[in-house]
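Read off the chains here:
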Amino acid sequence: MTRLTSLCAHALLACALSSGLAIDAHAEAALPPVELFFSNPLLAKAELSPSGRYLAALSGAPGRRDMLIVVDLQENKATPVASYNDVDVLQFQWVNDGRLLFNVSDKQIGPGGNYLASGLYAVNRDGGEMRQLASRRASAPRMLSWFTYMLGQRGAQDSNEVYVLSSDPGQNEKVFTTNLLRLNTLTGQSQAVSRPGQVDSWVLDNAGEPRLTLHASGGTTTMHYREPASGKWRQLAQFPTYAGSKEGFTPVGFGADGKLYVRAYAGKDAAALHTLDLATGKVDPQGVVVMPGYDFDGGLVSRRGKVLGAVIETDAPGSVWFDKEMTAIQQAVDKLLPNAANLISVAANPEAPWVLVHSLSDVRPLAYYLYSPGSGKLNPVGNSYEGIDPARMGRQDPVRYKARDGREIPALLTVPPGGGKNLPLVVLVHGGPYVRGNHWGWAPDTQFLASRGYAVLEPDFRGSRGYGTAHFQAGFKQWGLAMQDDIADGARWAIAQGIADPKRICIAGASYGGYAALMGLVKDPDLYKCGINWVGVTDISLLFNGHWSFDSDLSEDWKNHGMPLMIGDPVKDAAQFRATSPIEQASKITQPLLLAYGAVDRRVPLYHGNQFREAVQAHNKQVEWVVYEDEGHGWTRPQNRFDFWKRVESFLGRHIGAGAAPH
């Protein structure tokens, strides 16, 4: 171990290793404890400074709050620059080589991890010149308002100024528009950038200057472009927001020459990376990165003056390089770190001595390394989780199976360590549902289940993004119908392959996945022995009229234009909603159920869970119920994650695991 490695490891992981979470020799035969999987990461969001001499990261450990550290890679010195006893550092970004911007949140109360009301702070890389720039709750003198937050894009990084976002709340604190402010992180002074009307999001160019805005209204997205010479805005394009419109596109980033890279379909089924003519607003039909059968949904890897490549995802994450030097670096890193996906990020300065490697696999959590192209040496920085033994994790494979109508369904299959046949199976259904749900790599929920002896099948059923327009649009208005059949067909495929024991299958999921778990018990009672639903929708109509005790976090444009198109119209499709409502069909559910909800959920309010529990408990006495009073749409507090997954472990053990009745 080099001196650099020792210092990084000491700074980042000393508290974690002293906490007793690492598995000692005496406990080697025991199952890995739940805390290993569901604690907050020990190391996260590592990023090189503009010069590449410094590395910043979030450092966590059980028993203390997440802090911001900076490592001087030349002097081999790690310095905590922002740490608190009552809040966690949430995000950060480099302002320049000597200064950072960050915000905070309390991850020990729910719902934590919020970006609004998280404050804004700036600090030098040595911990000096700390300044609070935005308030966290009530307004404060000489500070920006609580609804100011980080942009999350690389700026010019050549001054003490940075661009930040400031929401303009309308009625009931609904965001009316999003302003862009140029903020001096030393003085706290800010100046608003002129905007072409209402704005939802902003895009900076390769030099770190504002160049694009987007706004969705009435089901239509309008994009404006800011002319570099005059600073004037002009409308660049307009297209339908929803339905995966083939005439629409999504900006990905700018090249140094002002060229705009976009994600577009250009008449094809799958989206690719294209360039766009800024004079005409037309997409070049010739794709820059094309992946047949997969949508491009990555980002650009660039430094000042040059686009080097792009991050992609097919069956696993990877990179496509336009630069020969980066191609050689990738090959060298992959040779040093085999059997892993190694994603490389670069500093803004082309002369930087290091590149940062984000390395992950199916059996190993994300780890960070520094690679020196000059010397060819690879130095480990740290792991996101400690104590995870890859030999005790389950191998994960991308698979494809046929749905009953012939549609090919992509899925991930994870089997317990050592493999096996005729295994108890958990069908884990992703939320959304109109997102790509599955990503190859170590995931705490999947690997926790595999460590307990369960095979895990995660289908990207129709309606999931990432596999082309046809697969995506085939899921429109198919809640509880063809989307549900795709999931059941996956379980039956696993049985036919000899992977799953047909009498030991449980369906589980959160949000839409919780809805699918309940509807699976309704539609396929012969297939699923039990079900687990957390924060799940229990009636489609309630998505439109949810009896919220506080505002929904869904935008009005999505509710008025996206949901009727993709989920269904509450009036025209009322009969279908009733037929595919778990509450309406609750009398058909007789299998054991575990239900869990957050009391302050703004996406799927507790009302969903309460109404369904009353309906199902009238005839089903095998219902377990838990409410986490301080949680929203998912579990923020580690203690709640520990509690929930221990309940899952016990529930599965009794019904399809080692404690289940013989069959």
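Definitions and limits used
Residues numbered from 1 in each chain as written. Predicted model: local features only at pLDDT ≥ 70, side-chain atom pairs only at ≥ 80, totals over all residues. Heavy atoms only, no water. Helix = DSSP H or I, 4+ residues; strand = E, 2+ residues; numbered from the N terminus. Rg over C-alpha atoms; globule rule 2.2 N^0.38 Å. Buried < 20%, exposed > 50% of the residue type's maximum accessible area, 1.4 Å probe, protein only. Contact = heavy atoms within 4.5 Å. Lys, Arg positive; Asp, Glu negative; His and termini not counted. Charge placed at Lys NZ, Arg CZ, Asp CG, Glu CD. Pairing = 2+ DSSP bridges. Axes fitted to C-alpha atoms, helices over the stretch in contact; angles between N-to-C directions. Expected span 1.5 Å × (residues − 1). Phe/Tyr/Trp six-rings, centres within 6.5 Å; stacked < 30°, edge-to-face > 60°. Lys NZ or Arg CZ within 6 Å of the ring centre and 35° of its normal. Parallel < 35°, antiparallel > 145°, perpendicular 65-115°, else oblique. Nonpolar A, V, L, I, M, F, W, Y, C, P; charged D, E, K, R; others polar. Core = buried A, V, L, I, M, F, W, Y, C linked by side-chain atoms within 4.5 Å.

> Sorry if this is basic, but what is going on with the overall build of the protein chain here?
If you tally the helices and strands in the protein chain, you get twelve helices and 35 strands. Its C-alpha radius of gyration of 25 Å places the protein chain within 12% of the 26 Å reference for a compact globule of 663 residues. Over its C-alpha atoms, taken along the principal directions, the protein chain stretches across nearly 70 × 60 × 50 Å. Looking at the protein chain residue by residue over its 663 residues, the buried ones come to 55%. Within the protein chain, residue pairs in contact and separated by at least 24 positions form 58% of the contacts whose partners lie at least 6 positions apart. Averaged over its 63 positive side-chain charges, the protein chain has a centre that lies 1 Å from the centre of its 65 negative ones.

> I would appreciate a short explanation of the pairing of strand S17 (residues 249-254) in the present structure.
Two faces, one strand: in a regular strand the side chains alternate between the faces of the sheet. Relative to strand S18 (residues 260-264), S17 is paired through five bridges, and the arrangement is antiparallel. Each residue of the ladder has a partner; that of Gly253, found in S18, is Tyr261. Hairpin connection, S17 to S18: the antiparallel pair is bridged by five residues, and Gly258 has positive phi, about 85°.

> Teacher, can you tell me more about the sheet that holds strand S35 (residues 623-628) here?
Adjacent strands of a sheet form backbone hydrogen bonds with each other and so pair up, either parallel or antiparallel. What the eight strands build is an open sheet, ordered S28-S29-S31-S30-S32-S33-S34-S35; its pairing is mixed. This sheet does not close on itself; its edge strands, each paired only once, are strand S28 (396-402) and S35. Pairs of neighbouring strands in the sheet enclose a mean axial angle of 20°, with direction left out of account. Of the strand pairs in this sheet, strand S33 (residues 530-534) and strand S34 (residues 593-598) are connected by four bridges, and their pairing is parallel.

> Before we go on, may I ask you to explain helix H6 (residues 482-496) in this structure?
Each α-helix winds once per 3.6 residues, and so residues spaced three or four apart point in a common direction. Along its 15 residues, H6 runs 20 Å from first to last C-alpha, staying within 8% of the 21 Å computed at 1.5 Å per residue. Among the 15 residues that make up H6, twelve are buried, leaving the element largely enclosed by the rest of the structure. For H6, the set of buried residues is Ala482, Met483, Gln484, Asp485, Asp486, Ile487, Ala488, Asp489, Gly490, Ala491, Trp493 and Ala494. Looking at the buried side of H6, the elements it contacts are S28, strand S29 (408-414), strand S30 (423-429), strand S31 (455-459), strand S32 (500-510) and helix H7 (512-523).

> In this structure, what is going on with the environment of Gly374? I would like to understand it.
Topologically, Gly374 is positioned in the loop between strand S26 (367-371) and strand S27 (378-383). A relative accessible area of 75% places Gly374 in the exposed class. Between the C-alpha atom of Gly374 and that of Pro353, which follows or precedes it by 21 residues, the distance is 7.3 Å.

> Explain the packing of aromatic side chains here, please?
Aromatic rings in a pair are described by how distant their centres are and how their planes are angled relative to each other. One pass over the structure, following the stated rule, counts 28 aromatic pairs. Geometrically, the ring pair formed by Trp479 and Tyr515 is tilted, given 5.1 Å between the ring centres and 55° between the ring planes. Of this pair, Trp479 sits in the loop between helix H5 (469-473) and H6 while Tyr515 sits in helix H7, and the two are 36 residues apart along the sequence. What makes Trp479 buried here is its relative accessible area of 4%. A connected cluster of aromatic rings, assembled from ring pairs, spans Phe37, Phe38, Tyr385, Trp442, Phe448, Trp534, Tyr628, Trp635, Phe644 and Trp645. Positioned over the ring face of Phe472 is Arg465, at 4.0 Å from the centre of the ring.

> What's the story with the packing of H6 against H7 in this structure? I'm lost.
Helices that pack against each other are described as a pair by the angle of their axes relative to one another and the distance between those axes. Put simply, H6 and H7 touch, their axes get as near as 10 Å, and they point 75° apart. In terms of orientation, H6 and H7 fall into the roughly perpendicular class. On H7, the residues that touch Met483, Gln484, Asp485 and Ile487 of H6 are Tyr512, Tyr515, Ala516, Met519, Gly520 and Lys523. Counted by class, the contact of H6 with H7 contains six nonpolar, two polar and two charged residues.

> Help me understand the nonpolar core in this model?
As a rule of thumb, soluble globular proteins bury nonpolar side chains together. Formed by 58 residues in total, the largest nonpolar core has its most connected members in Val427, Trp479, Tyr528 and Leu593. For this core, the element with the most residues is H7, which contributes eight residues. Contact partners of Val427, with chain neighbours within four places excluded, come to Leu457, Pro459, Ile487, Ala491, Ile505, Cys506, Ile507, Ala508 and Tyr528.

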